[in-house]
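# Report on the structure
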Amino acid sequence: MIRLEQVSKHFGTMVAVDRIDMEVPTGAVCVLLGPSGCGKTTTMKMINRLIPPTSGKIFLDGKDTTGVDEVSLRRSIGYVIQQIGLFPNMTVEDNICVVPDLLGWPRAKSRKRASQLLDMVNLDPSVFLKRYPKQLSGGQQQRVGVVRALAADPPVLLMDEPFGAIDPINREVIQDEFMKLQAELKKTIVFVSHDIDEAVKMATRIAIFRDGKLIQYDTPDNILAHPVDAFVSEFVGSDRTLKRLRLIKVTDAMMSDPPRVKAEDTLETAVRLMDEHGHVSVVMVGPRGRARGVVRHEVARDLKGLVGEHQEPLPGIVNIKDDLRSAVSQMFTHGVTWLACVDDDGFYKGYITQKSITQVLGTTYRDR
Amino acid sequence: MAATGLQTAFRLLLITGVFACGAWFQANGLLPAILKHRSDVIYLIRQHLALAAVSGAIAIVVGIPLGVILTRPRFEMFADAVTQVVNLGTTIPTLALLALSMSFLGIGAPPVIFALFVLTLLPIVLNTIAGLRSVPQPLIEAARGMGMTPAQILRRVELPNAVFVILAGIRTALAINIGTVPLAFLIGGGGLGELIFTGIDLMEPSMLLAGAIPTALLAVFVDFLVGQIQFWLVPRGVNPLR
Ligand SMILES: Nc1ncnc2c1ncn2[C@@H]1O[C@H](COP(=O)(O)OP(=O)(O)OP(=O)(O)O)[C@@H](O)[C@H]1O
Ligand SMILES: [Mg+2]
């Protein structure tokens with residue numbers, strides 16, 4: 001856990017950071033967000049004392065960092081700087097092992113760790129361990145930079161725009177990789193960004209800065225749903241509701257335990273089921289419950305026969321683990337107002353409608 | 001490919017040229033005349049090398065630490081002043097420098113070594129400072145952020161990344177040094193200058209050449225040596241030659 005208490009930093013007469021109070025719970029990803037020059041980097045560097053605060057206190061796991069030895073403090077905090085900062089004179093392996101070497105780990109242990117870490121970010125150790133930074137692409141360098149911060153397994157990570165130098169496509173890939181890692185490692189992370197999309201994607205908590213002041217410190221959904229003032233709402237963008245779609249999983253907006261029919265059921269049964277639920281269509285499932293097709297009310301009501309003979313292909317399917325953004329995107333792609341939701345194995349789990357999505361988005365507003 | 005082909009052709013031409021010169025010298029009796037001075041040459045080469053080595057070594061041992069100190073935050077403000085002073089030292093003509101140091105230290109090897117040292121110091125200090133300053137600030141910040149002490153940052157990050165430029169300075173410095181040693185003769189310091197200047201005085205080209213050719217070869221050899229050191233010592237990741 002990281003706690004900042006009334007932390008300020010003055011450069012001469014200029015106030016770079018102004019009385020910040022903030023707490024980052026253990027295992028959380030806190031994204032510091034704001035326009036250029038608002039004090040994000042300065043705040044972050046005060047945590048590992050690269051910059052000494054002018055006033056205020058910073059606690060790491062309840063311990064005041066003012067007193068402790070700076071060098072050992074920094075060795076216990078992973079640090080990724082904005083410019084990547086790999087040492088060009090060292091191989092990738094030696095770069096990763098910098099902190100373990102400083103801590104005096106046995107060589108065999110640290111080199112093995114380097115190899116494992118490279119593997120974790122999808123870089124083949126047999127290819128990359130002995131390379132020099134200049135022999136890597138920008139994205140590969142950035143991965144090594146992140147992995148280097150993880151080498152000595154520090155509980156806390158500070159990352160200053162770690163994915164800033166990569167093109168948007170690769171950035172998404174690395175972000176996903178990193179989130180997967182984080183789900184496993186559960187580090188306490190302070191992450192500087194000026195990209196609201198990145199923040200929404202990565203953060204458990206977002207801290208929005210302006211001119212050295214902490215304007216709002218909240219969950220991504222709350223920041224998007226309830227910006228405290230005009231500055232925040234402008235900063236997060238006029239499409240903030242669309243951004244929220246990303247934060248909500250299909251399961252949260254899904255109607256579960258839906259009505260269903262099988263191929264051998266009669267159309268009569270299907271129509272009765274639809275009337276019961278007030279639906280205009282019903283999903284047909286296979287023998288074990290996989291979503292197979294759909295029967296529409298207007299087709300079924302005038303005909304006789306079995307469901308299997310009059311079913312149509314499903315207009316759209318969405319995985320229950322996806323977020324609402326991909327669900328809505330599917331709806332617009334296929335021009336439908338509802339989607340069948342399936343799990344990884346294709347089993348029919350429920351359905352999602354435009355109405356249910358609107359409802360979920362609205363819940364948080366009614367909560368207030 | 002074309003470039004390497006050209007290089008090979010050039011090399012062949014050079015070797016042929018050298019052989020032709022040798023044959024011509026042999027034919028007109030110059031080569032045997034030069035070889036007459038063989039024992040003198042060997043003795044003087046040793047003296048020549050000793051002067052260059054001692055003055056060069058002192059300059060390196062003083063120059064690199066001086067450059068390092070002048071880039072530490074605490075002393076950074078003196079860096080410009082010191083380089084100005086050292087710069088001034090090299091604007092003094094070499095002969096004047098020799099004369100000056102002779103007036104302090106008398107004649108013989110010590111004033112020569114001192115003058116050569118002053119001459120050699122500047123490029124070493126300047127390049128050490130330039131090399132260390134050229135290490136990108138983010139590298140140093142990353143090192144600090146990962147918990148390196150200032151000494152560790154210097155040894156593991158700053159010096160390895162500056163060593164190419166520092167060695168380039170040493171290379172220039174030693175080339176100047178070796179080329180200047182012949183002047184040592186003028187204040188009684190010995191070296192191959194003895195043959196050169198005596199050869200000039202006596203109007204004896206064979207003697208002059210017996211001093212001049214080894215001097216040139218020594219300069220080329222030392223340059224080659226430092227070049228090799230530069231090639232092998234500089235870490236591969238920051239070595240533009242590899
Ligand atoms: N060493 C320094 N001396 C003087 N002023 C500084 C120093 N470091 C930062 N500042 C000032 O403090 C303010 C905050 O800087 P900081 O680097 O924290 O901004 P930032 O939010 O990280 O911006 P960016 O997104 O551009 O990286 C800026 O106005 C900057 O000019
Ligand atoms: Mg910054």
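Just so it is clear, the structure is predicted and the values come from calculations on it, not from any experiment.

Parameters at a glance
- Residues numbered from 1 in each chain as written.
- Chains lettered and ligands numbered in written order.
- Predicted model: local features only at pLDDT ≥ 70, side-chain atom pairs only at ≥ 80, totals over all residues.
- Heavy atoms only, no water.
- Core = buried A, V, L, I, M, F, W, Y, C linked by side-chain atoms within 4.5 Å.
- Buried < 20%, exposed > 50% of the residue type's maximum accessible area, 1.4 Å probe, protein only.
- Helix = DSSP H or I, 4+ residues; strand = E, 2+ residues; numbered from the N terminus.
- Contact = heavy atoms within 4.5 Å.
- 1 Å grid on protein atoms, 1.4 Å probe; cavity = no way out; pocket = protein on both sides within 12 Å on 5 of 7 lines; lining within 4 Å.
- Points joined across faces, edges and corners; volume = space filled by probe spheres on them.
- Nonpolar A, V, L, I, M, F, W, Y, C, P; charged D, E, K, R; others polar.
- Domains from an automatic or database assignment.
- Buried area = accessible area lost by both parts, 1.4 Å probe.
- Salt bridge = Lys/Arg side-chain N within 4 Å of Asp/Glu carboxyl O.
- Polar contact = N/O pair within 3.5 Å; in protein donor to acceptor, adjacent residues only side chain to side chain.
- Expected span 1.5 Å × (residues − 1).
- Pairing = 2+ DSSP bridges.
- UniProt positions renumbered as here; feature names shortened; annotations may be inferred.

Before going further, it helps to examine the nonpolar core. By size, the foremost hydrophobic cluster in this structure holds 91 residues, and its most contacted members are Met22, Leu32 and Phe87 of chain A. No other element matches the twelve residues that helix α6 (residues 109–133) of chain B contributes to this core. If sequence neighbours within four positions are ignored, Leu32 of chain A has contacts with Met22, Lys40, Thr43, Met44, Val190, Phe191, Val192, Ser193, Ala207 and Phe209 of chain A. Of all hydrophobic cores here, the second largest spans 44 residues; its members include Ile96, Val121, Leu123 and Ile223 of chain A.

The subject of this paragraph is empty space enclosed by the protein. Under the defined criterion, the tally for this structure stands at three cavities of 30 Å³ or more. In this model, the largest cavity occupies a volume close to 60 Å³. Lining the largest cavity, in full, are Arg74, Arg75, Ile77, Gly78, Tyr79, Val99, Arg148, Ala149, Ala151, Ala152 and Pro154 of chain A together with Met146 of chain B. Only α2 (70–75), β6 (77–80) and α7 (138–150) of chain A provide two or more residues apiece to the lining of the largest cavity. Broken down by element, the residue count for the lining of the largest cavity peaks at three residues, all from β6 of chain A. Among the residues making up the lining of the largest cavity, the classes are represented as eight nonpolar, one polar and three charged.

Here the focus is the domain arrangement of chain A. Residues and elements named next belong to chain A. Here chain A is described as being made up of domain 1 (2–247) and domain 2 (250–364). Distance from the C-alpha centre of domain 1 to the C-alpha centre of domain 2: 42 Å. Opposite the eight residues of domain 1 that make contact, domain 2 presents seven residues. Of the roughly 680 Å² buried between domain 1 and domain 2, counting both surfaces, carbon and sulfur atoms make up 59%. Contact with domain 2 buries area across many residues of domain 1, yet Arg244, Leu245 and Arg246 alone supply 75% of it, more than any other trio. Where domain 1 packs against domain 2, one counts zero salt bridges. Taken together, the connections running from domain 1 to domain 2 amount to three residue pairs in polar contact (both at pLDDT 80 or more).

Before going further, it helps to spend a moment on helix α10 (residues 205–233) of chain B. Residues and elements named next belong to chain B. The end-to-end C-alpha distance of α10, which contains 29 residues, comes to 41 Å, matching closely the 42 Å that a straight helix rising 1.5 Å per residue would cover. For α10, the full list of buried residues reads Ser206, Met207, Ala210, Gly211, Pro214, Thr215, Leu218, Val222, Val226, Gly227 and Gln230. Next to the buried residues of α10 lie α2 (30–35), α3 (38–70), α8 (150–180) and α9 (193–201).

Bringing the sheet that holds strand β5 (residues 63–64) of chain A into the picture now. Residue and element names in this part refer to chain A. Strands sit in the order β2-β1-β4-β5 across an open sheet of four strands; the sheet is antiparallel. Sheet topology places β2 (14–24) and β5 at the edges, where each strand pairs with a single neighbour. By the bridge criterion, five bridges tie strand β1 (residues 2–11) to strand β4 (residues 55–60) in an arrangement that is antiparallel. For Arg3, the partnering residue across the bridge sits in β4 and is Phe59.

To continue, consider the UniProt feature "transmembrane region" (unreviewed entry) in chain B. All names here are of chain B. When the UniProt feature table is mapped onto this chain, "transmembrane region" (unreviewed entry) is found at residues 12–35, 47–70, 82–107, 113–132, 162–187 and 207–226. The span residues 12–35 is 92% helical and 0% strand by assignment, and the distance between its end C-alpha atoms comes to 26 Å. Structurally, residues 47–70 is divided into 100% helix and 0% strand, and its ends, taken at the C-alpha atoms, are 34 Å apart.

We now examine the interface of chain B and chain A. In this complex, chain B contributes 22 residues to the contact, which on the side of chain A involves 23 residues. Between chain B and chain A, a total of about 2,000 Å² is buried, with carbon and sulfur atoms accounting for 60% of that surface. On the chain B side of the interface with chain A, the three residues burying the most area are Glu141, Arg144 and Met146 of chain B, jointly 30% of the side's total. Counting across the chain B and chain A interface gives one salt bridge. Among the ionic pairs, Glu141 of chain B bridges to Lys45 of chain A, the shortest N-O distance being 3.2 Å. The interface formed by chain B and chain A includes eight residue pairs in polar contact (both at pLDDT 80 or more). Going through the elements one at a time, α7 (137–145) and α8 of chain B are the ones with two or more residues in the side of chain B that touches chain A. For the side of chain B that touches chain A, the element with the most residues is α7 of chain B, which contributes seven residues. The residue inventory of the side of chain B that touches chain A, partitioned by class, reads ten nonpolar, seven polar and five charged.

With that settled, the discussion passes to α3 of chain B. All names here are of chain B. Taking 1.5 Å per residue, 33 residues should reach 48 Å; α3 reaches 46 Å between its end C-alpha atoms and fits that length. Among the residues of α3, those classed as buried are Val41, Leu44, His48, Leu51, Ala52, Ser55, Gly56, Ala59, Gly63, Gly67, Val68 and Leu70. Buried-residue contacts for α3 involve α4 (76–91), α6, α8, α9 and α10.

Residues and elements named next belong to chain A. Considering all chains together, one arrives at 24 salt bridges over all chains under this definition. The partner of Lys201 in a salt bridge is Asp176, and the shortest N-O contact between them spans 2.9 Å. Taken together, the residues Lys201 in helix α9 (residues 196–202) and Asp176 in helix α8 (residues 168–185) connect sequence positions 25 residues apart. What makes Asp176 partly exposed here is its relative accessible area of 39%. Taken together, the salt bridges that share partners define one network made up of Glu172, Asp176, Lys201 and Arg246.

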